[in-house]
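A closer look at the structure
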Amino acid sequence: MEAVNTAVADTGSGKEPEDGAAGTSRTSTPTLGQVLLAVEELWPESLAEDWDEVGLVVGRPTATVTKIMFAVDPTLAAIEEAIEWGAELLVTHHPLLLKGVTSVAATSAKGLAVHRLIESGTGLLTVHTNGDSAVGGVSDVLADAFGLDNVVPLAPAAHGLPEEGIGRVGDLPELMTLGEFAARVFEILPSVAGGVRVAGDKDGLVRRVAVCGGAGDSLFDAVRTSQADIYVTADMRHHPASEAREAAVDGRPYLVDVSHFASEWLWLPAAAEALGNVLADQGHDVEIRVASTNSDPWDFILTPG
């Protein structure tokens, strides 16, 4: 599978300033525990959904961290990329162990992943629905990329600030046709085999846009309440999408179904930069990079014509 083009976010030059140099202060290498405190500042675990499993999966809090890699999925390919680069910490959006397990033997893919991480001294940290809900999270990045104004949460967080929650809804600066907006979505997201699927009148006008990175077809009630003209999310299943179209008023909300991986990948560079800024403010020197691994599971698609 071809790698997705990614930006690289580096924090600091990696050079220690000379002692006594005017206007400089010595930077330090943080421990994993200190990195976890910075992560908690950005994406509090309290914002995670009740069913979710976030936080540290593998790693010693006392270990030092000089390199951090961000990826959407903790696939073996992403883990190997992190190890090869020399990262002491891999931060992924999706959990490796969302469901309970009774064995992590290296006879399974997940067990092998745990073994590779521990044997290489690479920690694994999950920032999932807390990364969705937080300010600057997955859906905030999508809303910003699509040019939305007056953005608010689609489903406000139960234990967070008013601006925190799952999904976002906002307004385009000016009216666009559904076809034009769908083309914008296609151009902004990473190229994957599945492309972008659209339901609605191509020439229909849209202004109010609801978005949810990842699988969001459970939020149709919130989308309707928000009076969005269009809803962009991933993994739309047949029945929820069909029922949403049946319940549509004047064809709205139109639907735009995108790749789960692609919808969440946009957050990685922003998250890497945010964590780098917090660590730099705390006097830490860490190099941060976004993985080039494309973990979208599909390789090609056949379409009519």
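Refer to the structure above for everything that follows.
Description of the structure in this document. (Residues numbered from 1 in each chain as written. Predicted model: local features only at pLDDT ≥ 70, side-chain atom pairs only at ≥ 80, totals over all residues. Heavy atoms only, no water.)

**Brief notes about the environment of Leu97**
Topologically, Leu97 is positioned in the loop between strand S3 (89-92) and helix H3 (109-120). Along the sequence, Leu97 and His128 sit 31 residues apart, while their C-alpha atoms lie 12 Å from each other. Apart from the residues lying within four places of it in its own chain, the contact partners of Leu97 are Glu53, Val57 and Lys110. (Helix = DSSP H or I, 4+ residues; strand = E, 2+ residues; numbered from the N terminus. Contact = heavy atoms within 4.5 Å.)

**Considerations on helix H6 (residues 178-188)**
All of the buried residues along H6 are Leu178, Phe181, Ala182 and Val185. Each buried residue of H6 sits inside an arc of 100° when the element is viewed along its axis, so together they form one side. Contact partners of the buried residues in H6: strand S6 (165-177), strand S7 (197-199), strand S8 (205-215), strand S9 (230-234) and strand S10 (254-258). (Buried < 20%, exposed > 50% of the residue type's maximum accessible area, 1.4 Å probe, protein only. Arc of directions from axis to C-beta.)

**Concerning unusual backbone geometry**
With an omega of 5°, the peptide bond between Arg252 and Pro253 qualifies as cis. Here Pro253 lies in the loop between helix H8 (238-246) and S10. With phi around 55°, Asp250 is a residue other than glycine that occupies positive phi space. Its place among the elements puts Asp250 in the loop between H8 and S10.

**Observations regarding the pattern of salt bridges**
Taken as a whole and judged by the stated rule, the model has seven salt bridges. With a shortest N-O distance of 2.4 Å, Arg197 and Asp257 are connected by a salt bridge. With Arg197 in strand S7 and Asp257 in strand S10, this residue pair connects regions lying 60 residues apart in the sequence. What makes Asp257 buried here is its relative accessible area of 10%. (Salt bridge = Lys/Arg side-chain N within 4 Å of Asp/Glu carboxyl O.)

**Describing the environment of Phe186**
Following the sequence through the fold, Phe186 ends up in helix H6. What makes Phe186 exposed here is its relative accessible area of 51%. Along the primary structure Phe186 and Gly86 are separated by 100 residues, whereas in three dimensions their C-alpha atoms are 34 Å apart.

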